[in-house]
Amino acid sequence: MQSNHRVVSRPAPVIASAPVAASSLERRAFDLVNSERAKYGLPPLAWDGDLCRMARLHSEKMAQMNFFDHEGPDGDLPARAERSGIRWRSLAENIALNQGYDDPVTLAVDQWMHSRTSR
């Protein structure tokens, strides 16, 4: 007896974790960025807990694996977003090396605002 069943290969499902709330440092950085956007007449960004979770995981990976880049062993930003189940039209990230500073948030936002690629 012959079987007419086919095996269909499908990508592994995305396992979504609960979105996370901003820490006090994250919220301060977010508010400073929105203040800068307001200076240029740009609309404020909206907080997204799923993006926060993804960013935290990338930050932890950079610290654990001793690298500082938008692309890690698990791929670039779009690949990380896709694996996290995040749908997007436009996607970018800011990273900062600011550990050990008295005010790491202000330093990071100031560096982002003066970066050649920030505008």
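Attention in this report is confined to the structure presented alongside it. (Residues numbered from 1 in each chain as written. Predicted model: local features only at pLDDT ≥ 70, side-chain atom pairs only at ≥ 80, totals over all residues. Heavy atoms only, no water.)

We now examine the overall build of the chain. What the chain contains, in helices and strands, is four helices and zero strands. Along the chain, helices (α) and strands (β) appear in the sequence α-α-α-α when read from the amino end. Each of the 119 residues in the chain was classed as buried or not, and the buried ones make up 21%. (Helix = DSSP H or I, 4+ residues; strand = E, 2+ residues; numbered from the N terminus. Buried < 20%, exposed > 50% of the residue type's maximum accessible area, 1.4 Å probe, protein only.)

This part is about the packing of aromatic side chains. Describing an aromatic ring pair means giving the distance of the ring centres and the angle of the ring planes. Per the stated rule, a full pass over the model turns up one aromatic pair. Consider the rings of F30 and W47, whose centres lie 5.2 Å apart with planes at 85°: the pair is edge-to-face. Note that F30 is positioned in helix α1 (residues 24–39) and W47 in the loop between α1 and α2 (49–65), a separation of 17 residues in sequence. The class of W47 is partly exposed, set by a relative accessible area of 30%. (Phe/Tyr/Trp six-rings, centres within 6.5 Å; stacked < 30°, edge-to-face > 60°.)

Now for the side chain of N98. Note that N98 resides in the loop between α3 (77–83) and α4 (104–113). In this structure, N98 is in contact with P104, V105, L107 and A108, ignoring residues within four places of it in sequence. (Contact = heavy atoms within 4.5 Å.)

In this section: the packing of α1 against α4. One way to put it is that α1 packs onto α4 with a least axis distance of 9 Å and a crossing angle of 35°. Classified by chirality, the crossing of α4 by α1 is right-handed. Residue-level inspection shows L25, R28, A29, L32, V33 and E36 of α1 in contact with α4, the latter providing V105, T106, V109, W112 and M113. (Axes fitted to C-alpha atoms, helices over the stretch in contact; angles between N-to-C directions. Left-handed = near helix turned anticlockwise from the far one by under 90°.)

The terminal C-alpha atoms of α1 lie 23 Å apart, and with 16 residues this matches the ideal 22 Å at 1.5 Å per residue to within 8%. Listed as buried for α1 are A29, F30, V33, N34 and E36. Taken around the axis of α1, the buried residues stretch over an arc of 155°, which confines them to a single face. Facing away from the buried surface of α1 by more than 90 degrees, the exposed residues are S24, A38 and K39. Residues of α1 that are buried in the fold lie against α4. (Expected span 1.5 Å × (residues − 1). Arc of directions from axis to C-beta.)

As a further point, take the environment of R37. Tracing the backbone through its elements, the reader meets R37 in helix α1. Owing to a relative accessible area of 22%, R37 belongs among the partly exposed residues under this scheme. The spacing of R37 and M113 is 76 residues in sequence and 9.9 Å in space, taken between C-alpha atoms. Setting aside anything within four residues of it in sequence, one finds R37 in contact with L42, P43, P44 and L45. A polar atom in the side chain of R37 sits 2.7 Å from the backbone oxygen of P43. (Polar contact = N/O pair within 3.5 Å; in protein donor to acceptor, adjacent residues only side chain to side chain.)

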